[in-house]
Amino acid sequence: MIAVLQRARNAYVEVDGKTVGEIDHGLVILLGVFHDDKEEDADFLANKIAHFRIFNDENGKMNLSIKDVKGAALVISQFTLCADWRKGRRPSFVNAAPPEMGKRLYEYFMYKLKDLKIPVESGIFGAMMDVHLTNCGPVTFVLDSKFK
């Protein structure tokens, strides 16, 4: 499972011109689910993200977690993160989870964040979405559950 974290001042996601998820400050999390991912991958990433110290303290040092700053997460499913781009000119998505499995683990990941007391907003799984955010920093990290 792979997650791209973007520290955001604010963010929202639209489907068909309607806002379906919105946060004031926190993280935009683009989440890709691979065909071999399990709940343990979601558990690992949710726990890591909840306690990952990437928000500035009063001295401007990255010392605070999303929990410390009382931030929220806007979680967007993004199977394209699972692309294999090494051969040819067109990406292959054979490594991405099938839709049913991807949706189940995407929802499980959000449940785990909520269980860790992080407010969660989301897009709509499988929909064409427009994601709007103000990346603060900019600060962006890529976390992969396979690199524990």
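Residues numbered from 1 in each chain as written. Predicted model: local features only at pLDDT ≥ 70, side-chain atom pairs only at ≥ 80, totals over all residues. Heavy atoms only, no water.

Asks: Account for the pairing of strand 3 (residues 26-32), naming residues and giving values.
Replies: Counting buried residues along strand 3, seven of its seven residues qualify, which places the element largely inside the surrounding structure. Note: strand 1 (residues 2-15) against strand 3, seven bridges, orientation antiparallel. If you follow Arg7 over to strand 3, its bridge partner there is Leu27. Two elements, strand 3 and strand 6 (residues 72-77), share six bridges in a ladder whose sense is parallel. (Buried < 20%, exposed > 50% of the residue type's maximum accessible area, 1.4 Å probe, protein only. Helix = DSSP H or I, 4+ residues; strand = E, 2+ residues; numbered from the N terminus. Pairing = 2+ DSSP bridges.)

Asks: Tell me what's going on with the nonpolar core, and back it up with residues and numbers.
Replies: Formed by 28 residues in total, the largest nonpolar core has its most connected members in Ile29, Leu31, Ile49, Val75, Phe109 and Leu113. Among the secondary structure elements, those contributing two or more residues to this core are strand 1, strand 3, helix 1 (39-51), strand 6 and helix 2 (99-115). Ranked by residue count, the leading element in this core is helix 2, at seven residues. In this structure Ile29 touches Ala3, Val4, Leu5, Ile49, Ala73, Leu74, Val75, Ile76, Phe109 and Leu113, once residues within four positions along its chain are discounted. (Core = buried A, V, L, I, M, F, W, Y, C linked by side-chain atoms within 4.5 Å. Contact = heavy atoms within 4.5 Å.)

Asks: Let's hear about the pairing of strand 6: which residues, and what values?
Replies: In terms of burial, strand 6 is a largely internal element, six of the six residues being buried. Where burial is concerned, the two faces of strand 6 agree: the one with Ala72, Leu74 and Ile76 and the one with Ala73, Val75 and Ser77 are both buried.

Asks: Give me the lowdown on the packing of helix 1 against helix 2, citing residues and values where you can.
Replies: It is the contact of helix 1 with helix 2, at a shortest axis distance of 9 Å, that shows an interaxial angle of 35°. In terms of crossing hand, the pair formed by helix 1 and helix 2 is right-handed. Between helix 1 and helix 2, the contacting residues are Glu39, Ala42, Asp43, Leu45, Ala46 and Ile49 on the first element and Arg104, Leu105, Tyr108, Phe109, Lys112 and Leu113 on the second. Per-class residue counts for the contact of helix 1 with helix 2 are eight nonpolar, no polar and four charged. (Axes fitted to C-alpha atoms, helices over the stretch in contact; angles between N-to-C directions. Left-handed = near helix turned anticlockwise from the far one by under 90°. Nonpolar A, V, L, I, M, F, W, Y, C, P; charged D, E, K, R; others polar.)

Asks: Can you explain the environment of Gly137? Please cite residues and give values.
Replies: Mapped onto the elements, Gly137 comes out in strand 8 (residues 130-144). Taking the C-alpha atoms as reference points, Gly137 and Arg9, 128 residues apart in sequence, are found 9.5 Å from one another.

Asks: Tell me about the pattern of salt bridges, and please be specific about residues and values.
Replies: Scanning the entire structure with this criterion turns up five salt bridges. A salt bridge links Lys112 to Asp43; the shortest N-O distance between them is 3.9 Å. Of this pair, Lys112 sits in helix 2 while Asp43 is found in helix 1, placing the two residues 69 residues apart along the sequence. Classification of Lys112 as partly exposed rests on a relative accessible area of 21%. (Salt bridge = Lys/Arg side-chain N within 4 Å of Asp/Glu carboxyl O.)

Asks: Give a description of the environment of Asp115 that names residues and reports values.
Replies: Position of Asp115 among the secondary structure elements: in helix 2. Using a relative accessible area of 43% as the deciding quantity, one classes Asp115 as partly exposed. Expressed as a C-alpha distance, the spacing of Asp115 and Ala46, which sit 69 residues apart in the sequence, is 9.5 Å.

Asks: Mind laying out unusual backbone geometry, listing which residues take part and the relevant values?
Replies: Leaving glycine out, the prevailing phi sign among residues is negative, and the prevailing peptide bond configuration is trans. Cis geometry is found at the peptide bond from Gly137 to Pro138, where omega equals -5°. Among the structural elements, Pro138 can be located in strand 8. Positive phi, normally seen in glycine, also occurs at Asp16, with a value near 55°. The phi dihedral of Lys117 is positive, around 70°, even though this residue is not glycine. With respect to the element layout, Lys117 can be found in the loop between helix 2 and strand 7 (120-122). Residue classification places Lys117 among the exposed positions, given a relative accessible area of 67%.

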